[in-house]
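Next come the chains, spelled out residue by residue.
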Amino acid sequence: ITFIGPGAFKSTAYYKEKSNWENGVLYVGNHLVATMESFSGEYAIKPGTLTIADWAFSSRSGLTGITIPDSVTSIGYGAFSWCESLRSITIPVGVTSIESSTFDACINLNSLILPRSSSIVTLDNTDALAMSGLCYIYVPQALLSEYQSATNWSTYSNRFRAIEDYPDIVGG
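Fair warning: this is a prediction, and the values are worked out from it, not measured in the lab. Every chain is numbered independently, its residues counted from 1 as its sequence is written. Where totals are concerned, whole chains, interfaces and linings use all residues; where local detail is concerned, this predicted model gives features only for residues with pLDDT of at least 70, and gives and counts side-chain atom pairs only at 80 or more. Just so you know, side-chain values use all the structure's heavy atoms and leave hydrogens and water out.

A. Molecular detail of the sheet that holds strand 2 (residues 25–28). At least two DSSP bridges between two strands are needed for those strands to be called paired. Only DSSP runs of H or I reaching four residues or more are called helices, and only runs of E reaching two or more are called strands; each is numbered from the N terminus. Ordered in space as 1-2-3-5-7, the five strands form an open sheet in which the pairing is mixed. The outermost strands of the open sheet, each flanked by one partner alone, are strand 1 (21–22) and strand 7 (74–75). As paired strands, strand 2 and strand 3 (residues 31–35) are joined by four bridges and run antiparallel to one another. Bridge pairing links V25 to T35 in strand 3.

B. Layout of the state of the cysteines. A pair of sulfur atoms, both from cysteines and within 2.5 Å, is called a disulfide here. All chains considered together, the criterion is met by zero disulfides. Free cysteine C83: the closest other cysteine sulfur is in C106, separated by 5.2 Å. Between C135, a cysteine without a disulfide, and C106, which holds the nearest cysteine sulfur, the sulfur-to-sulfur distance is 8.7 Å. Relative accessibility thresholds used throughout: buried, under 20% of the residue-type maximum; exposed, over 50%; partly exposed, between the two (1.4 Å probe, protein chains only). On the accessibility criterion, C135 (0% relative accessible area) is buried.

The following block contains the structure:
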């Protein structure tokens, strides 16, 4: 599976069956496809999850924290948009691109931590962080200038910080 559209399961018997939901989250195999509207607090996506579907956490204004396992390779369009209480997010090393509107209107997002890898994460569009708060973007020192000049990332060039300079924020 490379794409799960928004609401793909919403009217299905699978979606409506309460026993298919785990703590307010619906998985189909290794894919996180939806969260309940009342979803709030901190959440750790289960290990082995490969994808987070489009809009999966969108408008969950009570979501305060998220832990994404290294197994995740794809975060869908608008997946965390309008998560107004989300303050920080770390992108795992397996994710190679960030889709449009992924963090749109996350007004309290103050840190986006990109993976410690040897190549940059592609930013699909400059609106991935549209209307987000003063969000600093932490990247490996070796890639700092590359991110600052990369297509779409250059829009946020003044927000970049080297991971190595902020061990208290990014977990040394």
